Amino acid sequence: CAVSGDLLHDAGATAAVLAGAYSLVLGFDNLARRNLIQQNLSRKLVHILSGLLFMMSWPIFSTSTEARYFASLVPTVNCLRLVVYGLSLAKDEGLLKSLTREGKPEELLRGPLYYVLILILSAVVFWRESPVGLISLAMMCGGDGIADIMGRRFGSKRLPYNQGKSWIGSISMFIFGFWVSIGMLYYYSALGYLELDWGRTVQKVALVSLVATVVESLPIANVVDDNISVPLVSMVAAFLTFSF
């Protein structure tokens, strides 16, 4: 009975989070269509909020060992959608406007697809009991996402080694990546999933944020997408720093 109860619980949680994720994208798409918000800003806000809200939803799942797999169904469904529309097997103009820069279907198979794959990886491998996945997603969503918004709006002064990035973007990446990471760690520690020495934790998160910021600033966007480089480097850095 307990097992079947957990399954029903997790199935319901999955349905609720899926509905929330779909509503988020639909809501920003409607705002962009009505010209209440710029298309590019809408895309970045979806980038920031969808991953963070997905991560914050993990506590609503049960304590069963299967819970992480139920949670990962949410980005997996989105992964399948991206593949279907990215390969032009079906059309969804709203999805293209919400998630791509130029409105080309093949763009869905790059940044957006990498994004949901990182969500799946973080949920399945790290889940609620490790700070590593939480920090990785915080840096990808909060840090990198806000860096792009700030860089586009106020980034007149460019980095000397990468004219595609700005000082304000990198500074925003570090600050917001750090604080969003701290916020997520506090959230999970308050719920009892993590026990942290906050004096050392702040130093460790600052180090991870610095490493992720440096990597994000490098002129390697044509080689590896930020949605791969930033979270994976953050994972490695967080794993190494929190192992000691």
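Residues numbered from 1 in each chain as written. Predicted model: local features only at pLDDT ≥ 70, side-chain atom pairs only at ≥ 80, totals over all residues. Heavy atoms only, no water.

Student: Requested: an account of helix α6 (residues 131–154), with residues and values cited.
Tutor: Taking 1.5 Å of rise per residue, 24 residues should cover 34 Å, and α6 covers 32 Å from first to last C-alpha, within 8% of that figure. Along α6, 20 of the 24 residues are buried, which leaves the element largely enclosed by surrounding structure. Backbone nitrogen of V132 and a side-chain oxygen of the N-cap are separated by 3.1 Å at the start of α6; the cap is S130. (Helix = DSSP H or I, 4+ residues; strand = E, 2+ residues; numbered from the N terminus. Expected span 1.5 Å × (residues − 1). Buried < 20%, exposed > 50% of the residue type's maximum accessible area, 1.4 Å probe, protein only. Polar contact = N/O pair within 3.5 Å; in protein donor to acceptor, adjacent residues only side chain to side chain.)

Student: Give me the layout of surface pockets: which residues, what numbers.
Tutor: Computed from the structure, the second largest pocket encloses a volume of approximately 150 Å³. Counting only elements with at least two residues in the lining of the second largest pocket, the list comes to α7 (167–190) and α8 (198–217). Of the residues that constitute the lining of the second largest pocket, the class distribution is seven nonpolar, three polar and no charged. (1 Å grid on protein atoms, 1.4 Å probe; cavity = no way out; pocket = protein on both sides within 12 Å on 5 of 7 lines; lining within 4 Å. Points joined across faces, edges and corners; volume = space filled by probe spheres on them. Nonpolar A, V, L, I, M, F, W, Y, C, P; charged D, E, K, R; others polar.)

Student: Now, about helix α2 (residues 39–56): what can you tell me, with residues and values included?
Tutor: When the terminal C-alpha atoms of α2 are compared, their 26 Å separation across 18 residues agrees well with the 26 Å that a helix rising 1.5 Å per residue should span. Along α2, the residues that are buried comprise L41, S42, R43, K44, V46, H47, I48, G51, L52, F54 and M55.

Student: Quick one: what's the story with the confidence of the model for the chain, residue by residue and with numbers?
Tutor: Residues of the chain with pLDDT of at least 70 account for 99%, and the chain-wide mean is 92. Taken element by element, the predicted model of the chain shows its lowest mean pLDDT in helix α4 (residues 93–99) (76) and its highest in α7 (97). (pLDDT = per-residue confidence, 0-100.)

Student: Give a detailed account of the packing of aromatic side chains, specifying residues and quantitative values.
Tutor: When we look at a pair of aromatic rings, we describe it by the centre distance and by the angle of the planes. What the rule picks out here adds up to nine aromatic pairs. Where F178 meets W179, the ring centres are 5.1 Å apart and the plane angle is 80°; that geometry is what we call edge-to-face. Centroid distance Y188 to Y193: 5.7 Å. Interplanar angle 55°. Geometry classified as tilted. Y188 gets classed as buried once you look at its relative accessible area, which sits at 0%. Here the aromatic residues F54, W58, F61, W127, Y187, Y188 and Y193 are joined through ring pairs into a cluster of three or more. Positioned above the aromatic ring of F242 is the side chain of K204, whose terminal nitrogen or guanidinium carbon lies 5.2 Å from the ring centre. (Phe/Tyr/Trp six-rings, centres within 6.5 Å; stacked < 30°, edge-to-face > 60°. Lys NZ or Arg CZ within 6 Å of the ring centre and 35° of its normal.)

Student: Describe in detail the nonpolar core, supporting the description with residues and values.
Tutor: Grouped together as the largest cluster of nonpolar side chains are 60 residues, with contacts concentrated most on F54, M55, W58, F61 and I135. Two domains each donate at least three residues to this core, and these are domain 1 (1–125) and domain 2 (128–243). Among all residues touching I135, those that are not within four sequence positions of it are S181, L185, V205, V208, A238 and F242. (Core = buried A, V, L, I, M, F, W, Y, C linked by side-chain atoms within 4.5 Å. Domains from an automatic or database assignment. Contact = heavy atoms within 4.5 Å.)

Student: Could you give an account of the packing of α8 against helix α9 (residues 226–241), naming the residues involved and the relevant values?
Tutor: For the pair α8 and α9, the least separation of the axes is 9 Å and the interaxial angle reads 150°. Here α8 lies roughly antiparallel to α9, going by the angle between them. Viewed along their axes, α8 and α9 form a crossing whose handedness is right-handed. Note on element contacts: α9 touches α8 through D226, S229, V230, V233, S234, A237, A238 and T241, opposite K204, L207, V208, V211, A212, V215 and E216. Residues belonging to the contact of α8 with α9 are distributed by class as follows: nine nonpolar, three polar and three charged. (Axes fitted to C-alpha atoms, helices over the stretch in contact; angles between N-to-C directions. Parallel < 35°, antiparallel > 145°, perpendicular 65-115°, else oblique. Left-handed = near helix turned anticlockwise from the far one by under 90°.)

Student: Go over the domain arrangement of the chain, please, and point to the residues and values.
Tutor: Domain boundaries in the chain define domain 1 (1–125) and domain 2 (128–243). For domain 1 and domain 2, the distance between their C-alpha centres works out to 21 Å. Listed by partner, the interface residues are 27 residues for domain 1 and 29 residues for domain 2. Interface of domain 1 and domain 2: buried area, both sides summed, is about 2200 Å²; carbon and sulfur atoms make up 70% of it. Of all residues in domain 1, M55, P59 and I118 bury the most surface against domain 2, accounting for 23% of the area lost on that side. Where domain 1 touches domain 2, the interface holds zero salt bridges. Linking domain 1 with domain 2 are seven residue pairs in polar contact (both at pLDDT 80 or more), by the criterion used here. Those elements that provide at least two residues to the side of domain 1 that touches domain 2 are α2 and α5 (111–126). Tallying contributions element by element places α2 first for the side of domain 1 that touches domain 2, with 11 residues. (Buried area = accessible area lost by both parts, 1.4 Å probe. Salt bridge = Lys/Arg side-chain N within 4 Å of Asp/Glu carboxyl O.)

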